[in-house]
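# Chains, contacts and geometry: an overview
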Amino acid sequence: MSADVERHTLTVLVDNEAGVLARVVGLFSGRGYNIESLTVAEVDAASRTSRISIVTSGTPAVIAQIEAQLGRVVPVRKVTNWTSTRGGIEREMALIKVAGTGEKRVEALRMADAFRARPVDTTHTSFVFEITGAPAKIDSFIDLMRPLGLVDVSRTGVAAISRGPEAM
Amino acid sequence: MDKDNTLAPAPAAQGAPITLTGAEMVIRALKDQGVTHIFGYPGGAVLPIYDALFADEGITHVLVRHEQGAVHAAEGYARSTGKPGVVLVTSGPGATNAVTGLTDALMDSIPLIAITGQVPTHLIGTDGFQECDTVGITRPCTKDNWLVKDVNNLSRTLHEAFQIATTGRPGPVVVDIPKDIQFQKGVYLPPAGVQHRSYKPKTDPDPGAIARAVEMMAEAKRPVFYTGGGIINAGPEASKLLRELVTLTGFPITSTLMGLGAFPASRPEWLGMLGMHGTWEANHAMHDCDLMICLGARFDDRVTGRVNAFSPGSKKIHLDIDASQINKIVHVDLAIVADATKALREMVQVWKAKKKQADKAALKDWWAQVDQWRGRKSLAFKNSDTLIKPQYAVDRLYELTKDKDVYITTEVGQHQMWAAQRFKFEEPNHWMTSGGLGTMGYGLPAAVGVQMAHPDALVIDIAGEASVQMTMQEMSTAIQYNLPIKIFILNNEYMGMVRQWQQLLHGGRYSHSYSEALPDFVKMAEAFGCVGLRARTPQELDGKILEMISVKKPVLFDCRVDPMENCYPMIPSGAAHNEMLLSPDDGGEVSEAGKMLV
Ligand SMILES: Cc1ncc(C[n+]2csc(CCOP(=O)(O)OP(=O)(O)O)c2C)c(N)n1
Ligand SMILES: [Mg+2]
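Residues numbered from 1 in each chain as written. Chains lettered and ligands numbered in written order. Predicted model: local features only at pLDDT ≥ 70, side-chain atom pairs only at ≥ 80, totals over all residues. Heavy atoms only, no water.

### Overview of the packing of aromatic side chains
Filter applied, for reference: Ring pairs are drawn from Phe, Tyr and Trp, using the six-membered ring of Trp, whenever the two centres fall within 6.5 Å, and their geometry is named by plane angle: stacked under 30 degrees, edge-to-face over 60, tilted for the rest. In this text, helices come from DSSP runs of H or I with a minimum length of four residues, and strands from runs of E with a minimum of two, each type numbered from the N-terminal end. Accessible area is worked out with a 1.4 Å probe on protein chains only. A residue is then buried under 20% of its type maximum, exposed over 50%, and partly exposed in between.
Considering all chains together, one arrives at 16 aromatic pairs over all chains under this definition. On the numbers, 5.3 Å between centres and 80° between planes, the contact of Y226(B) with F299(B) is edge-to-face. A residue pair is termed long-range when its members are at least 10 positions apart, and Y226(B) in strand β9 (residues 223-227) and F299(B) in the loop between β12 (291-295) and α13 (301-304) qualify at 73 residues. By the burial criterion, Y226(B) is buried, and F299(B) matches it. By the ring-pair criterion, three or more aromatic residues cluster together here, those being F115(A), F127(A), F129(A) and F141(A).

Here it is in C-alpha cells:
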C-alpha cells in the first residue's frame, strides 16, 4: 500500500431487496475501488433490512467518494465508516485447517489455546480451528499456523458494530 | 432507525380494491402518473402490454425504428418538457438496444422510465428465447431497476420508479416485467398509496451554508458563476432565480454544455460556454477568478482541463443535489447539497434581506479584465466566398430562426461544439445534446421526441454526416407521426472531431475518419418521404434555409461545408484553461500525458 492509502471498514444498511448487493458490489468494481472483505446478511426481518460490511482501501479522498457513492444507491439507508469514527468494534470468524503429526501437531494445539481458537474437528492427523477476533489477530494466527501444517482457511470477513447503547 | 417502514394502507381502506392484469396496471399506472406519450417497439415479451395499449385511447404511443431511438426520443421529450420520458421495449434485443440510451440518460441526469418485457418467470435462467439478464445489464446504467416477480408488487414498483426517476438527481430507471406477470391479475394501488420505504433525497439547503455563500459573494473581487445542467433539471424556476441572482450581484456567468439556456445569451453578463471548446473569456475568468460559484455542474474533465492547474487561486462554492459530486474532482471550500431552485431562492432572499452589495470597485476592474479577454474574439473565423464555413452555416441558421419557437438538438462532434458556441439560447429546455456520454446518433431521435411534445415548434437537429447515419431510420418515425423535424447536416465528409484530433495528436494520419461512400442525402430524404435540400455555396445558403423552415414536413438538409475546418478555441487535453489555442497558428503541442486523455 502506498503511503496515503488507508484501510477502512464500512457498514452499509440497505433495504433487503433483489439486486441491492449486486448494485453495491458493482459500484466498487465499476469505479475501480477495492473490496478486501465483504459480509452480508439480513439483520431485521420485520423492516427487511440487511447489513453489508465492507473492508476497503484507498486514499482519504477515495474513501470519502466511496461513502458518498454508496449513499447515492437508492436502497441504501445509511453508511457508517468505523475507521474514521473510531467508535466501532470489528470482529471476524475464521475456520483454519492444520494437518500434521508429532511435535508440530502439539505446537499447533498449544498456539490455538493461546489464541482462544477452538478445535471443532479433530482427526489423528488434522485439526479444524474456529477463531474469532479482530482481523489482525486472525492474520497472526494464520501466519503462526503456516509452518505447522496449514492446509486451508475460510474467513467470514469483518462484521462491525458501534460501542455503547446506540444503533449505527 | 428513523425510517418509516409502514406499508401503504391497504386499498380496501380507501374503497374496493382495483383488480387488473399486470398489463392493464402498466397502462393505468402511466396514466395515473400523468403520462401522455410513450416511445416504444413491440415484441413477444411485451405483447400483453401492447394489447392493453390497443384498447386504450389516453396514451399516444410513438413507434420508433430502433430501441435506441426510443430512449433518445424519450430523452428529448423529457428535456424539452421537464416531464419524465417513458419507453416500452421487449426483452432480449429490445432491452440491449436500449442500453446506450439509458447510459446517456444516466450521464446527463434525464428522468426516464423504461419498461422492458421479460420471458415468463418459469423460463428465467433457462436461456429462454429472447431472454437476457436485463436488470443485470442495466444496473450500472440506471439510477435503480427492478425485476417484478409478483403482480401484486407491480403497481407499487411502477409508482416508485416514477418517484425515483424524477426526484433528487433525476435519472433513468428500468422496470422489467415477465410476460406471465403481465397476464396475471392482481391488486392495483394508485400512486397516492405508495411511498418508497427508504428513499428520501435531501433537497433543503443548509441555512448556514447559504448565509456563508452570500458572505463570500459579497466579499468577492473576481467572481464568476459556473452553472450546469442541474439548473435546467431543477426546472424553469431555477433559471428565473439564477437570472435574478446575476442581476443582483452583477457577476459574470458562464455555463457548461448541458447548462446552456438557463441564462440568456443576449445578456451582457454572459461569457459564453466554458471548457474544452469554450470561449477565451469564460475559461480565463474561470482560471483567474477569486470566487467560483458552481451551480448544478460537476467539474467534468471537458470543463476543468488539467485539474491541478484548474482555477488555482479561487475559493469555490459548489451547489449540487447529489452529495457524491462534492469534492469528487475538485476540492471546494463550501458545499451546498440541495435542490437548485430552493438553494437559489434562499440565496436571493438572504442577499436581499441582508442588503448585500457586491464590491463595485473590484467588479469594475474585473469586468474591464473580462472585456479585454472578450476583445480576443475567440469565436471569430475566416469566412469564405466559395466554401460554406460550418460556423457561417450555424450563424445563418441562428439568424434565420431566432424569432421562432426553436428547439435545437445535436449529434456529437464538431458540429455539436459549433452549435453550442454560436447558437444563442435565451430559455432553458430548448437545447438537447448528449453531454456526458457523447452519443453519436442522439440528435435525430431526440428531435422526434421534442417535436412530439411541441408540435408547432421549429425543431432542428444540427447534425454531422457521420453521426446522423447511426439513427437515420427514425426519419421514418418522423414521417409516420407528421413530425416536421429539420435535420441540418453540416456535411464535412469527415468524422470531423476525430479528424481534428488526428491532425493535432497523430501527425495528420487520418485513419478511418473519412466518411467514405456517403449516401446521397437528398435522394435518401425522398426515399423516406421527407424533403431533401442541399446547399453548396454561401450564396445559396439563406434561401435554402428559408425553404427548409417553410416546408411543413421533415427535411434533411445536406449542407456541404469546408471539410478541413477545425473547431476553436480549444484547450488541448491535459492543458490548463489559460493554455487555450485560438487557431491552427497557435500550434497545438499536446503533452505526452495529454495524449492519454480522451
Ligand atoms: C456512438 C459513438 N461512436 C463513436 C464516437 C466517437 N466520435 C466522436 S465525434 C465523432 C465524429 C463525428 O462525425 P460527424 O457526425 O460527421 O460530426 P463532425 O465532427 O464532422 O461535425 C466520433 C466518431 C462517438 N462519440 N459516439
Ligand atoms: Mg462530419
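### Section: the site of ligand 1
Residue and element names in this part refer to chain B. This is how the line gets drawn: Residue proximity to a molecule or strand is established when one non-hydrogen atom of the residue lies within 4 Å of it. We define a polar contact as two N or O atoms separated by no more than 3.5 Å, with the added condition that, inside protein, one atom must be a possible hydrogen donor and the other a possible acceptor, whereas residues neighbouring each other in sequence contribute only through side-chain atom pairs. In the scheme used here, Gly and all other residues not listed as nonpolar or charged are polar, with Ala, Val, Leu, Ile, Met, Phe, Trp, Tyr, Cys and Pro taken as nonpolar and Asp, Glu, Lys and Arg as charged.
Within the structure, ligand 1 sits among 17 residues, and Q414, H415, S467, Y494 and G496 are positioned closest to it. In this structure, Q414 approaches ligand 1 through a main-chain N or O atom, which is 2.8 Å from an oxygen atom. Residue M440 places a main-chain N or O atom 3.4 Å away from a nitrogen atom belonging to ligand 1. Looking at the shell around ligand 1, the element that brings in the most residues is helix α20 (residues 496-505), giving 3 residues. Residue composition of the shell around ligand 1, by class: 8 nonpolar, 8 polar and 1 charged.

### With respect to the coordination of the magnesium ion (ligand 2)
Residues and elements named next belong to chain B. Condition: Sodium, potassium and calcium take a 3.2 Å donor cutoff, other metals 2.8 Å, and in both cases only N, O and S atoms count; water is not among them, so sites may look incomplete. A four-donor site is called tetrahedral if each angle lies between 85 and 135 degrees; a four-donor site is square planar, and a six-donor site octahedral, when trans pairs exceed 155 degrees and the remaining angles lie between 65 and 115; all other cases are labelled irregular.
Coordination of the magnesium ion (ligand 2) by the protein involves E465 (OE), E465 (OE), N492 (OD1) and Y494 (O), with metal-donor separations of 2.0 to 2.7 Å. Coordination geometry of the magnesium ion (ligand 2): the 6 donor atoms subtend angles of 51 to 174° at the metal centre, consistent with an arrangement described as irregular. Mapped onto the sequence, the residues coordinating the magnesium ion (ligand 2) show the spacing E-x26-N-x1-Y. By relative accessible area, which is 6% here, N492 ends up buried. The exposure class assigned to Y494 is buried, which follows from its relative accessible area of 16%.

### Observations concerning the domain arrangement of chain A
Residue and element names in this part refer to chain A. Stated precisely, the cut-off is as follows: By convention here, the domain bounds are inherited from an automatic or database domain assignment. Two residues qualify as a contact provided that any one of their heavy atoms is within 4.5 Å of a heavy atom in the partner residue. The term buried area refers to how much accessible surface (probe radius 1.4 Å) is lost by two components on association, counted for both of them together. Salt bridge, as used here, is a side-chain nitrogen of Lys or Arg placed within 4 Å of a carboxyl oxygen of Asp or Glu.
What the domain assignment lists for chain A is domain 1 (6-81) and domain 2 (89-160). Centre-to-centre separation of domain 1 and domain 2, based on C-alpha positions: 29 Å. Taken together, the 8 residues of domain 1 in the interface contact 6 residues of domain 2. Surface buried jointly by domain 1 and domain 2 totals about 460 Å² across both partners, of which 47% is contributed by carbon and sulfur atoms. Here domain 1 is connected to domain 2 by 0 salt bridges. In this structure, the connection of domain 1 to domain 2 is made through 4 residue pairs in polar contact (both at pLDDT 80 or more). Those elements giving two or more residues to the side of domain 1 that touches domain 2 turn out to be β1 (6-15), β2 (37-44) and β3 (49-58).

### Section: the packing of helix α16 (residues 390-401) of chain B against helix α17 (residues 414-422) of chain B
Residues and elements named next belong to chain B. Here is the rule we go by: Angles here are taken between N-to-C directions and fall from 0 to 180 degrees, while the axes themselves are lines fitted to C-alpha atoms, restricted in helices to the stretch in contact. Working rule for angles: under 35 degrees goes down as roughly parallel, over 145 as roughly antiparallel, 65 to 115 as roughly perpendicular, anything else as oblique. In this scheme the handedness of a crossing depends on how the near helix is turned from the far one: anticlockwise by less than a right angle means left-handed, clockwise means right-handed.
In the contact formed by α16 and α17, the axes pass within 10 Å of each other and the chain directions differ by 50°. One way to sum up the angle between α16 and α17 is to call them oblique. Like other packed secondary-structure pairs, α16 and α17 cross with a definite hand, here right-handed. Contacts between α16 and α17 involve P390, Q391, V394 and D395 from the first element and W418, A419 and R422 from the second.

### Details of the interface of chain B and chain A
Taken together, the contact pairs 22 residues of chain B with 17 residues of chain A. Approximately 1,700 Å² of surface area, both sides summed, lies buried where chain B meets chain A, with 44% of it carried by carbon and sulfur atoms. On the surface where chain B and chain A come into contact, there are 3 salt bridges. With a closest N to O distance of 3.4 Å, R23(A) and D144(B) form a salt bridge. Of the residues assigned to the side of chain B that touches chain A, the class counts are 7 nonpolar, 7 polar and 8 charged.

### Let's talk about a nonpolar patch on the surface
All names here are of chain A. Stated precisely, the cut-off is as follows: Like-charged residues are merged into a patch within 9 Å and nonpolar side chains (Val, Leu, Ile, Met, Phe, Trp, Tyr) within 5 Å, provided each residue has over 30% relative accessible area and no salt bridge. Per-residue accessibility takes into account occlusion by the displayed protein chains alone, with areas from the Shrake-Rupley method and a 1.4 Å probe.
A cluster of nonpolar side chains, namely L21, I35, L38 and V40, defines an oily patch on the protein surface of about 260 Å² accessible area. With respect to the element layout, L21 can be found in helix α1 (residues 20-30). For L21, a relative accessible area of 32% corresponds to the partly exposed category.

### Brief notes about the sheet that holds β3(A)
Hydrogen bonds along the backbone pair up the strands of a sheet, which may run parallel or antiparallel. Residues and elements named next belong to chain A. As a reminder, the rule being used: At least two bridges found by DSSP between two strands are what make those strands a pair.
Spatial ordering of the open sheet is given by β2-β3-β1-β4, a layout of 4 strands whose pairing is antiparallel. Two strands bound the open sheet, and with one partner strand each, they are β2 and β4 (76-81). On average, each strand axis in the sheet is inclined to that of its neighbour by 20°, with strand direction left out of account. Pairing between β1 and β4: 5 bridges, direction antiparallel. Note that in β4 the partner of V14 across the bridge is V76.

### Observations concerning unusual backbone geometry
Residues and elements named next belong to chain B. Of note, the bond from Y568 into P569 is cis; its omega dihedral lies within 30 degrees of zero at 0°. Structurally, the position occupied by P569 is in the loop between β20 (555-560) and α23 (592-596). Its identity as a non-glycine residue notwithstanding, Q130 has a phi of 55°, on the positive side.

### Let's talk about the side chain of D339(B)
Residues and elements named next belong to chain B. For the record, the criterion: Counted charges follow a simple rule, with Lys and Arg positive, Asp and Glu negative, and His plus the chain ends left uncounted.
Its place among the elements puts D339 in the loop between β14 (334-337) and α14 (340-353). It is K342 that comes nearest to the buried, bridge-free D339 among opposite-charge side chains, at 5.6 Å. The residues touching D339, leaving out its near neighbours within four places in the chain, are T203, A234 and I321.

### Concerning helix α21 (residues 521-528) of chain B
Residue and element names in this part refer to chain B. Rules: Relevant arc is that of directions from the helix axis to the C-beta atoms, nothing else.
Listed as buried for α21 are F521, V522, M524 and A525. With its buried residues spanning 160° around the axis, α21 presents them on a single face. The exposed residues of α21 that point more than 90 degrees off its buried face are K523 and A527. Of the surrounding elements, those touching the buried residues of α21 are β18 (486-491), β19 (531-535) and β20. Its side-chain oxygen at 3.0 Å from the backbone nitrogen of V522, D520 defines the N-terminal cap of α21. One or two positions beyond α21, positive phi appears at G529, with a value near 90°.

### Looking at the environment of P445(B)
Here P445(B) lies in helix α18 (residues 443-453). With residues up to four places along the chain from it excluded, the contact list for P445(B) reads G69(B), H72(B), A73(B), T471(B) and E474(B).

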